Amino acid sequence: MTLDAEQLAELMGNTNAGGGLGERMGLEVSEASAKRVVGRMPVSGNTQPYGLLHGGASCVLAETLGSVGSAIHAGEGRIAVGIEINATHHRSATEGYVTGVATAVHLGRTLATWDIAITDDEGRRVCTSRLTCLLRDA
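These figures come from a predicted structure and were not determined experimentally.

Enquirer: Would you explain the overall build of the protein chain in this entry?
Expert: Looking only at helices and strands, the protein chain features three helices and six strands. For the protein chain, the proportion of contacts with a sequence separation of at least 24, taken over those separated by at least 6, is 63%. Working note: accessible area of the protein chain is about 7,200 Å², and carbon and sulfur atoms make up 48% of it.

Enquirer: Explanation requested: the pairing of strand β4 (residues 97-107) in the structure shown.
Expert: In the case of a regular strand, side chains alternate between the two sheet surfaces. Of the pairings in the sheet, the one linking strand β2 (residues 36-42) to β4 comprises seven bridges and is antiparallel in character. Across the sheet, P42 pairs through a bridge with Y97, a residue of β4. Strand direction decides the pairing type here: β4 and strand β5 (residues 111-119), joined by eight bridges, are antiparallel. Its bridge partner being in β5, V101 is matched across the sheet by A117. The turn joining β4 and β5, which pair antiparallel and follow one another in sequence, is formed by three residues.

Enquirer: I would appreciate a short explanation of the side chain of S58 in the present structure.
Expert: Along the polypeptide, S58 turns up in helix α3 (residues 55-74). Not counting residues up to four positions away in its chain, the partners in contact with S58 are M41, L53, H89, I118 and C127.

Enquirer: For this particular structure, what's the right way to read the nonpolar core?
Expert: Soluble, globular proteins show a tendency: their nonpolar side chains are buried together. Residues M41, L53, L61, V98, I116, I118 and V126 are the most contacted members of the largest nonpolar core, which totals 30 residues. Counting residues per element, the ones that place at least two in this core are β2, α3, β4, β5 and β6 (125-137). Here this core gets nine residues from one element, more than from any other, and that element is α3. Apart from the residues lying within four places of it in its own chain, the contact partners of V98 are G39, R40, M41, V43, L53, L61, A93, I118, T119, D120 and V126.

Enquirer: What exactly am I supposed to notice about a nonpolar patch on the surface here?
Expert: On the surface, V81, I83, L111 and L134 cluster together into a nonpolar patch covering about 280 Å² of accessible area. Relative to the helices and strands, V81 is located in strand β3 (residues 78-89). Accessibility expressed as a relative area gives 31% for V81, which makes it partly exposed.

Enquirer: Even after reading the chapter, I still don't get the sheet that holds β5, so can you show me in this structure?
Expert: Ordered by their spatial adjacency, six strands build an open sheet running β1-β2-β4-β5-β6-β3, and the pairing between neighbours is antiparallel. Across the chains shown, the open sheet's two edge strands, defined by having one partner strand only, are β1 (28-32) and β3. In this sheet, neighbouring strand axes are inclined to one another by 20 degrees on average, regardless of whether the strands run parallel or antiparallel. The sheet contacts of α3 involve β1, β2, β3, β4, β5 and β6, and relative to β6 the element is tilted by about 40 degrees.

Enquirer: Looking at this structure, how should I read the pattern of salt bridges?
Expert: Side chains that differ in charge, positive against negative, can pair when their charged atoms come close. The final tally for this structure, using the stated rule, is six salt bridges. Residue R78 pairs with D137 through a salt bridge whose shortest N-O separation is 3.4 Å. Highlighted residues: R78 in strand β3 and D137 in strand β6, separated in sequence by 59 residues. Classification of R78 by relative accessible area gives partly exposed; the value is 22%.

Enquirer: How should α3 be read in this particular structure?
Expert: Three- or four-residue spacings in an α-helix give side chains the same orientation, since the helix completes a turn every 3.6 residues. Across its 20 residues, α3 extends 28 Å between first and last C-alpha, which sits within 8% of the 28 Å expected from 1.5 Å per residue. In terms of burial, α3 is a largely internal element, 15 of the 20 residues being buried. Looking one or two places after α3, you find G75, whose phi comes out positive at around 90 degrees.

Definitions and limits used
- Residues numbered from 1 in each chain as written.
- Predicted model: local features only at pLDDT ≥ 70, side-chain atom pairs only at ≥ 80, totals over all residues.
- Heavy atoms only, no water.
- Helix = DSSP H or I, 4+ residues; strand = E, 2+ residues; numbered from the N terminus.
- Contact = heavy atoms within 4.5 Å.
- Areas by Shrake-Rupley, 256 points an atom, 1.4 Å probe, with all protein chains shown as cover.
- Pairing = 2+ DSSP bridges.
- Core = buried A, V, L, I, M, F, W, Y, C linked by side-chain atoms within 4.5 Å.
- Buried < 20%, exposed > 50% of the residue type's maximum accessible area, 1.4 Å probe, protein only.
- Patch = residues over 30% accessible without salt bridge, like charges linked within 9 Å, V, L, I, M, F, W, Y side chains within 5 Å.
- Salt bridge = Lys/Arg side-chain N within 4 Å of Asp/Glu carboxyl O.
- Axes fitted to C-alpha atoms, helices over the stretch in contact; angles between N-to-C directions.
- Expected span 1.5 Å × (residues − 1).

This is the structure:
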């Protein structure tokens, strides 16, 4: 199942799939299904003191995308909460946008695990992340 923007907002309980934090960071989800989620966010405003994309911002993007896919997989009346995330930061980003593509690795009844590749505007890998979500009744 793939969701449009309105369905995604309804599933996530607001107009921004990233919630309040995602909204403040400028995160946008452009594609969402139970097997693949794509989103992006600007580098500007999400940097550390040296002007580089903050590693925590990459983790927010990764966790949001994996959580959205997990929530879709979990289905109505269930929720997904992140229980483990890791990230390897390969290169810096100083401008433009970074785009994350979350791909499902495991979609079970109680756990969902995702690989998330984050790239810059030139398609260069900025970060690789893995997220596991617990799926439970709402």
